[in-house]
Amino acid sequence: MSLTKEKVLQALSTVEDPDLKKDLVTLGMIQNIEIEGNKLSFKVVLTTPACPLKEVIKNNCIEALEDAFGKDVELGIFMTSNVTTTRDNTPLLPQVKNIIAIASGKGGVGKSTTACNLAVALANTGAKVGLIDADISGPSVPTMFNVEGEQPSVKQVDGKNIIIPIEQYGVKLMSIGFLTPSDSAVVWRGPMASSALKQFIGDVEWGELDYLLIDLPPGTSDIHLTMVQTIPVTGAVIVTTPQKVALADATKGLTMFKQPQINVPILGVIENMAYFTPAELPDNKYYIFGKEGGRKLAEKFNVPFLGEMPIVQSIRESGDTGYPAVFKEGLTKTAFSELAESVARQVAIRNAEKSKTEVVHVNG
Ligand SMILES: Nc1ncnc2c1ncn2[C@@H]1O[C@H](COP(=O)(O)OP(=O)(O)OP(=O)(O)O)[C@@H](O)[C@H]1O
Ligand SMILES: [Mg+2]
């Protein structure tokens, strides 16, 4: 059968995006079809560069084209991506496609560790990534990115001071730690912390971003409220450890976002410190804090389970030395990269299935 654009589109309309449950042609993912004799080339524009289904989709395209045209066609399939968004032209952060809050309930469960490694893992896939450290009284980002003591430069735009974020490991960063000496005992009252967060959102030159991650403080504080009142949050990732006390707090964190007046979609639950594996006994897993608590929490609330992270000494060490664990070949790199893929995948699904998040308005 001879190649025509129409026939190619017809063949490719049998290939579904397994997550979005629609065919690639309907989704507008097939672009730049070029035909020259028996040579066919086109682009498949995925919804994220972190797409874990890249190979599956490519192979399904090849199969569909071979079914339609036989094996003699010389194929050039270019897999690219354009991260989706539900945000429209809002005055704040108009070039930021997705805002992802990293929350827990309980403190110390690994929100900051997760946020930092997810940010780097997403940037490693080629996405444009920013990270706001919204923990104003206990910032972790400067240490975890080894940029303690750095001071961002400020420029004037229309008479207003605009902060240039610090960039490290391909991620744009903003933290109160860049604006105050690290050993100063600043007591941040609620309103001061809230205005700092508003400044991080409104007065920082974030530029174009696919994903802006917000590392939240523990609990359900003023900061959480300020965030949802300032900016439409694409979705929240809930980090928990498996023990009962952490799960009870994670439930509070999760239900806060689900409240009808807040209505921020839950992208999923990450179970951190899920088990311990000694380096010398890699097949032994010790469920120190109980088993599968995060997974069960996700099931109970019918939200995606994004994955589990073992307790690994090098994760703690990398946090302390400011060289994220996702850079270390092996278990931690694989686990954080897979987590990043899961998060990016859920963002794409959320954007396809749900309407945009609205900023929360509080009366009075
Ligand atoms: N999977 C893990 N394996 C080993 N250590 C971990 C792991 N996850 C986090 N940690 C360590 O646990 C400590 C707490 O983690 P982190 O600061 O990320 O938690 P947090 O939830 O952000 O805390 P806070 O509520 O204070 O903001 C850190 O020292 C971190 O390095
Ligand atoms: Mg933290």
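Criteria and cut-off values
Residues numbered from 1 in each chain as written. Chains lettered and ligands numbered in written order. Predicted model: local features only at pLDDT ≥ 70, side-chain atom pairs only at ≥ 80, totals over all residues. Heavy atoms only, no water. Patch = residues over 30% accessible without salt bridge, like charges linked within 9 Å, V, L, I, M, F, W, Y side chains within 5 Å. Areas by Shrake-Rupley, 256 points an atom, 1.4 Å probe, with all protein chains shown as cover. Salt bridge = Lys/Arg side-chain N within 4 Å of Asp/Glu carboxyl O. Buried < 20%, exposed > 50% of the residue type's maximum accessible area, 1.4 Å probe, protein only. Phe/Tyr/Trp six-rings, centres within 6.5 Å; stacked < 30°, edge-to-face > 60°. Axes fitted to C-alpha atoms, helices over the stretch in contact; angles between N-to-C directions. Helix = DSSP H or I, 4+ residues; strand = E, 2+ residues; numbered from the N terminus. Left-handed = near helix turned anticlockwise from the far one by under 90°. Contact = heavy atoms within 4.5 Å. Pairing = 2+ DSSP bridges. UniProt positions renumbered as here; feature names shortened; annotations may be inferred.

A cluster of nonpolar side chains, contributed by Phe276, Leu281, Tyr286 and Ile288, occupies part of the molecular surface with about 360 Å² of accessible area. Take isoleucine 288: its relative accessible area is 52%, and that puts it in the exposed class.

Taken as a whole and judged by the stated rule, the model has five aromatic pairs. Counting every residue linked through ring pairs, the aromatic cluster contains Phe145, Tyr169, Tyr323 and Phe327.

With that settled, the discussion passes to the packing of helix α7 (residues 244-258) against helix α8 (residues 293-300). Two elements in contact, α7 and α8, have axes separated by 11 Å at closest approach and are oriented at 35 degrees. Two packed elements cross with a definite hand, and for α7 against α8 that hand is right-handed. Taking contact as the criterion, the partners of Leu247, Ala250, Thr251 and Leu254 in α7 are, on α8, Gly293, Gly294 and Leu297.

Another aspect to go through is the pattern of salt bridges. The full count for this structure, using the stated rule, is ten salt bridges. Among the ionic pairs, glutamate 66 bridges to lysine 71, the shortest N-O distance being 3.8 Å. A relative accessible area of 67% places lysine 71 in the exposed class. Aspartate 88 is the partner of lysine 356 in a salt bridge, and the nearest nitrogen-oxygen pair spans 3.1 Å. Note that lysine 356 is positioned in the segment after α10 (331-353) and aspartate 88 in the loop between β5 (74-81) and β6 (96-103), a separation of 268 residues in sequence. For lysine 356, a relative accessible area of 34% gives the class partly exposed.

Let us look at the sheet that holds strand β15 (residues 305-311). Each strand in a sheet pairs with its neighbour through backbone hydrogen bonds, running either in the same direction (parallel) or in the opposite one (antiparallel). Judged by pairing direction, the sheet is mixed, and its eight strands sit side by side in the order β10-β11-β7-β12-β6-β13-β14-β15 without closing on themselves. Of all the strands in the sheet, the pair left with one neighbour each is β10 (166-168) and β15. Here the average twist between neighbouring strands, direction ignored, is 25 degrees. Two elements, strand β13 (residues 235-240) and strand β14 (residues 266-276), share five bridges in a ladder whose sense is parallel. Across the sheet, residue isoleucine 238 finds its bridge partner in β14, namely valine 269.

It is worth spelling out the UniProt feature "domain: MIP18 family-like" (unreviewed entry) in the chain at this point. Mapped onto this numbering, the UniProt entry gives "domain: MIP18 family-like" (unreviewed entry) at residues 5-70. Between the C-alpha atoms that bound residues 5-70 the distance is 16 Å, and the span itself is 36% helix and 29% strand.

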